[in-house]
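A look at the structure
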Amino acid sequence: MGILNSGLGVRQGNGVVLDTGKSSVWVTQRDGSLQIFSIPSDIDKTFKKVHFRPTILTNRITKCHSSVSLYENDDGVVEYSVYAVVDFPQSVEGIAVSRVLALSSSGEQLWEAILEGIVNGTPQISNDG
């Protein structure tokens, strides 16, 4: 099935981001999932993969048109990431709702912000986090 296993893969608007320490690759996918791949080093030769899938909302179809922004500490270690998903109604009635999601470097959801409408683009993180 391949390394990107959500079935929908990377599409226009999604992103593949390498952290500045070159120790991990972050990939957003069309179905709203985020995959984190650790890059083996001379010290730790193991390859690790984390697959995060946001909660599916009732009667909604979740999609992602966003890349991911990383917040790295002064040592270049990723502390957390943010990206956006859009939850479309399954019927013609209703409005789209967007969620900005924050995840730890281990793929644990830290928080989410719910916004009416469609978020286009990638959420940004300021210098102070």
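These remarks concern the structure in this document. (Residues numbered from 1 in each chain as written. Predicted model: local features only at pLDDT ≥ 70, side-chain atom pairs only at ≥ 80, totals over all residues. Heavy atoms only, no water.)

1. Comments concerning the overall build of the protein chain
Here is the rule: Secondary structure elements are taken from DSSP: a helix is a run of H or I of four residues or more, a strand is a run of E of two residues or more, and numbering for both begins at the N terminus. Both definitions apply: the radius of gyration is a C-alpha atom measure, and the globule rule equals 2.2 Å times residues to the power 0.38. Burial classes: relative accessible area under 20% of the type maximum marks a residue as buried, over 50% as exposed, and values in between as partly exposed (1.4 Å probe, protein chains only). The contact definition used throughout considers only heavy atoms, calling two residues in contact when any of these lie within 4.5 Å. To be clear on the numbers: accessible area is Shrake-Rupley with a 1.4 Å probe, and residue cover counts the displayed protein chains and nothing else. When charges are counted, Lys and Arg contribute as positive and Asp and Glu as negative, whereas His and the chain ends are disregarded. Charge placement uses NZ in Lys and CZ in Arg. For Asp and Glu, CG and CD serve respectively.
Along its length, the protein chain carries 0 helices and 9 strands. Going from N to C terminus, the protein chain has its helices and strands arranged as β-β-β-β-β-β-β-β-β. Over its C-alpha atoms the protein chain spans a radius of gyration of 15 Å, differing by no more than 12% from the 14 Å that the globule rule assigns to 129 residues. Principal-axis analysis of the C-alpha atoms places the extent of the protein chain at approximately 55 × 40 × 25 Å. Looking at the 129 residues of the protein chain, the share that counts as buried comes to 39%. Within the protein chain, contacts between residues at least 6 apart in sequence are counted, and of these 45% link residues at least 24 apart. About 7,400 Å² of surface is accessible on the protein chain, with carbon and sulfur atoms providing 52% of the total. The centroid of the 10 positive side-chain charges in the protein chain is displaced by 12 Å from the centroid of its 14 negative side-chain charges.

2. Here's the deal with the pattern of salt bridges
We apply this condition: Between Lys or Arg on one side and Asp or Glu on the other, a salt bridge is scored when a side-chain nitrogen of the former is within 4 Å of a carboxyl oxygen of the latter.
Under the criterion given, the structure shown has 3 salt bridges. Put simply, Arg 53 and Asp 31 hold a salt bridge, and the shortest N to O gap is 4.0 Å. Of this pair, Arg 53 sits in the loop between strand S4 (49-52) and strand S5 (60-63) while Asp 31 sits in the loop between strand S2 (24-28) and strand S3 (34-38), and the two are 22 residues apart along the sequence. According to the relative accessible area criterion, Asp 31 is buried, its value standing at 6%. Measuring nitrogen to oxygen at the nearest pair gives 3.6 Å for the salt bridge that ties Arg 99 to Glu 112. Here Arg 99, found in strand S8 (residues 97-104), pairs with Glu 112, found in strand S9 (residues 109-116); they are 13 residues apart in sequence, far enough to count as distant. By relative accessible area, Arg 99 is classed as buried at 1%. A residue is classified by how much of its surface remains accessible, and Glu 112, at 34% relative accessible area, is partly exposed.

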